[in-house]
Amino acid sequence: MSTETLHITAGFIPLLDAAMLIVAREKGFAADQAIDLELVRETSWASIRDRVVIGHFDAAHMLAPMAIAGSLALPPLPMPFVAPIALGTGRNAITVSNDLWQLLADTGLEEGTDAASAVKALARVKQAAMADRPLVFAAVHTYSAHAYLLRYWLAEGGLFEGRDVRFEFVPPPFMGDALASGAIDGCCVGEPWNTAAVANGHGRVLTTGDQIWAGGPDKVLGMREDWASKNPQSVHSLVRALQAAAMWADDPQNTQELAEILSGPAYLDTSVDWLLPGLSGEISCSKSGFARDGATLPDRSHAIWFAAQMARWGEVELSTSMIDAAAATYQPDVFAQALNDQHLAADGAESGANCQLFDARDFNPKQLNDYLASFQQP
């Protein structure tokens, strides 16, 4: 008799990219797979990580680099994680305070500019009007796509953490308040918290994550490696439920209903009007999606890209074992087995083809020393 548990408890943060878990429960896709899916809302990513590590959660809506950091034994609470499915792409943005926006506008910067022009304008403002203090930017966690996108984007403008910029780490729902209080000059956060900051008059969107990395990865379904090993059929069932939910969420005919579901008090507890821009594409480019364009595939080249950023910024030492451990966190083979499509496992795996950022720098996972040597040093 199987000892598999089909009662699965999963944690999530109130963000649009928690939609696949929420839809899987609310639209019956989890039940179709014989899963009793219990969802628990958290405010901070640290709480998500900690509760997975100590066994409160079987799985969670998790920052992709956070899962990789656990597998690389980075503190605190190092724990090998696996990610059998990605939770869509995009839907991040960089929002700045009204005061900083005005300084940028004074240089001639207009809304809708590309990421390269935006960071060049920011560098001019830093040199001319803010030379006596660092810029203060917030990301949602040290090990987050937001932090690595911010560092990458700022560095392309010659702005480096520790010299020109100070980083703070703020839970997503609190970003608007941090902007309004003057505690930060800007932030990188997922939707709907950029839209909320603008709607509340706390800031302006400067550029989107999709303009820095079109269709860039962000969150995964993270779980402890030992739990996944003991419950393979539960993992497969959950992957199938989430894939079905992603396909439903990508259908434009379902966008309004999706926003209404997500807005509920148990989930994002926000106005539907704050959710529609990120779901409809108004605030992010068309490459953002839940299932569209292979967005759910846990592409190992993405894991290696995040590990390379960790090495670039001195968080880990670059080594073959480190890269292997990072890549092993992502499980395209499990994804393919769950969906009974072995072709999926090879799509884009470790080719680097899906790691094209706004600076058009080539990323080859097999030549990371050359890749890291190509960057400007502070």
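Before reading on, note that the structure itself is shown above.
Here's what I pulled together on the structure shown here. On a predicted model such as this, the values are computed, not experimentally measured, just so you know.

Cut-offs applied
- Residues numbered from 1 in each chain as written.
- Predicted model: local features only at pLDDT ≥ 70, side-chain atom pairs only at ≥ 80, totals over all residues.
- Heavy atoms only, no water.
- Helix = DSSP H or I, 4+ residues; strand = E, 2+ residues; numbered from the N terminus.
- Rg over C-alpha atoms; globule rule 2.2 N^0.38 Å.
- Buried < 20%, exposed > 50% of the residue type's maximum accessible area, 1.4 Å probe, protein only.
- Contact = heavy atoms within 4.5 Å.
- Areas by Shrake-Rupley, 256 points an atom, 1.4 Å probe, with all protein chains shown as cover.
- Lys, Arg positive; Asp, Glu negative; His and termini not counted.
- Charge placed at Lys NZ, Arg CZ, Asp CG, Glu CD.
- Core = buried A, V, L, I, M, F, W, Y, C linked by side-chain atoms within 4.5 Å.
- Pairing = 2+ DSSP bridges.
- Axes fitted to C-alpha atoms, helices over the stretch in contact; angles between N-to-C directions.
- Right-handed = clockwise from strand over helix to strand, strands pointing away.
- Phe/Tyr/Trp six-rings, centres within 6.5 Å; stacked < 30°, edge-to-face > 60°.
- Lys NZ or Arg CZ within 6 Å of the ring centre and 35° of its normal.
- Salt bridge = Lys/Arg side-chain N within 4 Å of Asp/Glu carboxyl O.

## Observations regarding the overall build of the protein
Here's step 1: Within the protein one finds 19 helices and 10 strands.
Here's step 2: Relative to the 2.2 N^0.38 estimate, which gives 21 Å for 378 residues, the radius of gyration of the protein is 20 Å and therefore close to what a compact globule would have.
Here's step 3: Reported as C-alpha extents along the three principal axes, the dimensions of the protein are approximately 70 × 45 × 35 Å.
Here's step 4: The buried share of the protein, taken over its 378 residues, is 60%.
Here's step 5: Counted over contacts in the protein with a minimum sequence separation of 6, partners at least 24 positions apart contribute 78%.
Here's step 6: For the protein, the computed accessible surface area is about 14,500 Å², with 48% contributed by carbon and sulfur atoms.
Here's step 7: One finds the centroid of the 24 positive side-chain charges in the protein at a distance of 4 Å from the centroid of its 45 negative side-chain charges.

## Digging into the nonpolar core
Here's step 1: Ranked by internal contacts, the top residues of the largest apolar core, which has 88 residues, are Phe137, Trp153 and Trp305.
Here's step 2: Setting aside anything within four residues of it in sequence, one finds Trp305 in contact with Tyr148, Tyr152, Trp213, Cys355, Leu357, Phe363 and Tyr371.
Here's step 3: If you look at the next biggest cluster of nonpolar residues, it comprises 48 residues, including Met20, Phe29, Leu37 and Tyr267.

## Remarks on the sheet that holds strand S10 (residues 219-224)
Here's step 1: Pairing in this open sheet of 5 strands is mixed, and the strands run S2-S1-S3-S10-S4 from one edge to the other. Of all strands in the sheet, those bounded by a partner on one side alone are strand S2 (36-41) and strand S4 (81-82).
Here's step 2: The pairing of strand S1 (residues 7-12) with S2 spans 6 bridges and is parallel. From the neighbouring strand, Phe12 faces S2, where its bridge partner is Arg41.
Here's step 3: Running at roughly 135° to S2, helix H1 (residues 19-26) makes contact with S1, S2, strand S3 (59-63) and S10 of the sheet.
Here's step 4: Along the sheet face, helix H12 (residues 232-250) touches S1, S2, S3 and S10 and points at about 165° away from the line of S10.

## Notes on the pairing of strand S6 (residues 135-139)
Here's step 1: Most of S6 is tucked away: 5 of the 5 residues are buried.
Here's step 2: Of the two faces of S6, the one carrying Leu135, Phe137 and Ala139 and the one carrying Val136 and Ala138 are both buried.
Here's step 3: Viewed along the sheet, the connection from S6 through helix H7 (residues 145-156) into strand S7 (residues 165-169) turns out right-handed.
Here's step 4: The pairing of S6 with strand S8 (residues 186-190) spans 2 bridges and is parallel. Across the sheet, Ala138 pairs through a bridge with Cys187, a residue of S8.

## Observations concerning the packing of aromatic side chains
Within a pair of aromatic rings, the relevant descriptors are the distance that separates the centres and the angle that separates the planes.
Here's step 1: All chains considered together, the criterion is met by 11 aromatic pairs.
Here's step 2: For the pair Phe12 and Tyr267, a centre-to-centre distance of 5.9 Å together with 50° between the ring planes defines the contact as tilted. Highlighted residues: Phe12 in strand S1 and Tyr267 in the loop between helix H13 (255-262) and helix H14 (272-280), separated in sequence by 255 residues.
Here's step 3: Owing to a relative accessible area of 1%, Phe12 belongs among the buried residues under this scheme.
Here's step 4: Between Tyr152 and Phe375, the ring centres sit 5.5 Å apart and the planes meet at 85°, which makes this aromatic pair edge-to-face. Separated by 223 residues along the polypeptide, Tyr152 in helix H7 and Phe375 in the segment after helix H19 (368-373) bring together distant segments of the chain.
Here's step 5: Here the aromatic cluster, defined as three or more aromatic residues joined through ring pairs, consists of Tyr148, Tyr152, Trp213, Trp305, Phe306, Phe358, Phe363, Tyr371 and Phe375.
Here's step 6: The ring of Phe290 carries the charged tip of Arg91 above its face, separated from the ring centre by 4.1 Å.
Here's step 7: Arg312 extends its terminal NZ or CZ atom over the ring of Tyr152, reaching a point 5.6 Å from the ring centre.

## Brief notes about the pattern of salt bridges
Here's step 1: Inspection of the entire model under this criterion finds 14 salt bridges.
Here's step 2: Put simply, Arg51 and Glu42 hold a salt bridge, and the shortest N to O gap is 2.6 Å.
Here's step 3: Note on Glu42: relative accessible area 14%, which makes it buried.
Here's step 4: For Lys219, the salt bridge goes to Asp218, with nearest N and O atoms at 2.8 Å.

## Structural notes on the pairing of S10
Here's step 1: Judged by how many residues are buried, S10 sits mostly within the fold: 6 of 6 residues are covered.
Here's step 2: Both faces of S10 are covered, namely the face carrying Lys219, Leu221 and Met223 and the face carrying Val220, Gly222 and Arg224.
Here's step 3: As judged from the 4 bridges shared by S3 and S10, these two strands associate in the antiparallel manner. Across the sheet, residue His61 finds its bridge partner in S10, namely Leu221.

## Structural notes on unusual backbone geometry
Here's step 1: A cis geometry characterises the amide bond from Pro75 onward to Pro76, with omega recorded as -5°.
Here's step 2: Mapping Pro76 onto the fold places it in the loop between helix H4 (64-71) and S4.
Here's step 3: Residues Glu191 and Pro192 are joined by a peptide bond in cis, for which omega reads 15°.
Here's step 4: For Pro192, the position within the fold is in the loop between S8 and helix H9 (193-199).
Here's step 5: A positive phi angle, near 60°, is found at Ala73, a position not held by glycine.

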